[in-house]
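Overview (structure and organization)
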Amino acid sequence: MQEKTALVPYAHLPRAHRDRHVLTSTVDVFGVAHWLLAEAAPQRGGDVAPFDALVVSVTPGGNVELTELSAVRARWPHLDRLPDGGFVVAASRTRRPEDANQVQVFDALGREISSYSVGDAIEHLLVDETGHIWVGHFDENPAGIRRWSATGRLAWTSDGARIPGLFDCYALNVSGTAAWACPYTDFPLVEIRPDRPDRPVRVWANRVRGAHAVAVHGERVAFYGGYREEQDRLAHGELTETSVEPTDVGLLTLPDGAPVGRRRVVGRGSRIYVQAEPCTAWGVFDLSS
């Protein structure tokens, strides 16, 4: 029988806001949880007029902050917070004319200050401590992994980085100014440090397939998720010079021990944050604890 590891409760959407629809949710690089809320769920098909949305932010200490965003355009959005208190909202797809400038940047008062495109098929969008925006794409866009400035300037690209089998960015972890990834099809563990000019990318061969989140602490690594019956798998390994050597495999569960089911995941350094339906709470697994 596989050993089970329970998520630790981390942050909850306050009950006063649970009458609204959760468009998306995330945990930023500083550990603050954010929910993007709308009055109603988006409808499939047809155009969506720009709408006002509310961001509810819950700090690690439990303080609640509210930010009204004006004229949000993304029907199926990604969200993250900038270090200056502003927010980035991005549409994952750019197949509609209104998604041409799919990234909207809002200031701390909720006003749109700029917009631009980072390309179709966004799988992950994570902001680092300097305000750079890391974007990993799924398989309908071969752009791989890229890092953008908050103003839309391309600051780093995986083109020419010799990442084997980079076809779909299954897992992306952004902490500090660095990123870790585990992309389909070869599933190597990849460390990306653009500020390290002599060796911005390191790659380790890896035998764990299908993980959708990764956590790293020193020489230890954990992969969460997998295919079919392995969707709640938590696989541990240790870094050698060239590969990830597996150590043990277990299951990650909800705090009460139940299976996680459908969920969102966010990787931040040694932590994997997990949000199960109905999307009102975040739990955390911390490899360093």
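Nothing here was measured: the structure is a model prediction, and the numbers come from that model.

**Examining the sheet that holds strand S9 (residues 103–106)**
The antiparallel open sheet is built from four strands, whose spatial order is S7-S8-S9-S10. Each of the sheet's edge strands pairs with one partner strand only, and the pair in question is strand S7 (77–81) and strand S10 (112–116). For this sheet, the mean inter-axis angle between neighbouring strands, taken without regard to orientation, is 20°. Taken together, the five bridges between S7 and strand S8 (residues 87–91) define a ladder with antiparallel strand orientation. Residue pairing for S8: Arg81 is matched across the bridge by Phe87.

**So, the layout of surface pockets**
Volume-wise, the largest pocket comes out at about 1,400 Å³. Thr24, His78, Glu123, Arg263 and Arg264 are, among the 35 residues lining the largest pocket, the residues nearest its centre. Where the lining of the largest pocket is concerned, the elements lending two or more residues are strand S3 (21–27), S7, strand S11 (122–127), strand S15 (168–175), strand S23 (263–268) and strand S24 (271–276). Ranked by the residues each element gives to the lining of the largest pocket, the list is headed by S3, at six residues. Per-class residue counts for the lining of the largest pocket are 17 nonpolar, 12 polar and six charged. In this structure, the second largest pocket encloses a volume near 210 Å³.

**Here we look at the nonpolar core**
Counting 29 residues, the largest nonpolar core has Trp35, Trp134, Ile145, Leu172 and Ile192 as the members making the most contacts within it. Where this core is concerned, the elements lending two or more residues are S3, strand S4 (33–38), strand S5 (51–58), S15, strand S16 (178–184), strand S17 (189–192) and strand S25 (281–286). Counting 16 residues, the second largest nonpolar core, distinct from the first, contains Trp180, Ala211, Val214 and Val244.

**With respect to the sheet that holds strand S19 (residues 213–217)**
Within a sheet, adjacent strands bond to each other through the backbone by hydrogen bonds, running parallel or antiparallel. Strand order in the open sheet formed by five strands is S1-S22-S21-S20-S19, and the pairing between neighbours is mixed. Two strands close off the open sheet at either side, each with one partner strand: strand S1 (4–6) and S19. Put simply, the sheet's adjacent strands are angled 30° from each other on average, direction ignored. Note that S19 and strand S20 (residues 220–224) share five bridges and pair antiparallel. In the sheet register, Val214 faces S20, and the bridge partner there is Phe223.

**Examining the pairing of S16**
Most of S16 is tucked away, with six of its seven residues classed as buried. Taken together, the six bridges between S15 and S16 define a ladder with antiparallel strand orientation. The residue of S16 that forms the bridge with Asn173 is Trp180. Connecting the antiparallel pair S15 and S16 is a turn made up of two residues, with Gly176 showing a positive phi of about 65°. Two strands pair when backbone bridges link them, and S16 and S17 are joined in this way by three bridges, in the antiparallel orientation. Bridge assignment links Trp180 to a residue of S17, and that residue is Glu191. Adjacent in sequence and paired antiparallel, S16 and S17 are bridged by four residues, among which Phe187 carries a positive phi angle near 55°.

**A look at the packing of aromatic side chains**
One pass over the structure, following the stated rule, counts nine aromatic pairs. Residues Tyr170 and Tyr227 carry aromatic rings whose centres are separated by 6.3 Å and whose planes lie at 75° to one another, so their mutual orientation is edge-to-face. Separated by 57 residues along the polypeptide, Tyr170 in strand S15 and Tyr227 in the loop between S20 and strand S21 (233–239) bring together distant segments of the chain. Overall, the relative accessible area of 12% leaves Tyr170 in the buried class.

What counts and what doesn't
- Residues numbered from 1 in each chain as written.
- Predicted model: local features only at pLDDT ≥ 70, side-chain atom pairs only at ≥ 80, totals over all residues.
- Heavy atoms only, no water.
- Pairing = 2+ DSSP bridges.
- Helix = DSSP H or I, 4+ residues; strand = E, 2+ residues; numbered from the N terminus.
- Axes fitted to C-alpha atoms, helices over the stretch in contact; angles between N-to-C directions.
- 1 Å grid on protein atoms, 1.4 Å probe; cavity = no way out; pocket = protein on both sides within 12 Å on 5 of 7 lines; lining within 4 Å.
- Points joined across faces, edges and corners; volume = space filled by probe spheres on them.
- Nonpolar A, V, L, I, M, F, W, Y, C, P; charged D, E, K, R; others polar.
- Core = buried A, V, L, I, M, F, W, Y, C linked by side-chain atoms within 4.5 Å.
- Buried < 20%, exposed > 50% of the residue type's maximum accessible area, 1.4 Å probe, protein only.
- Phe/Tyr/Trp six-rings, centres within 6.5 Å; stacked < 30°, edge-to-face > 60°.

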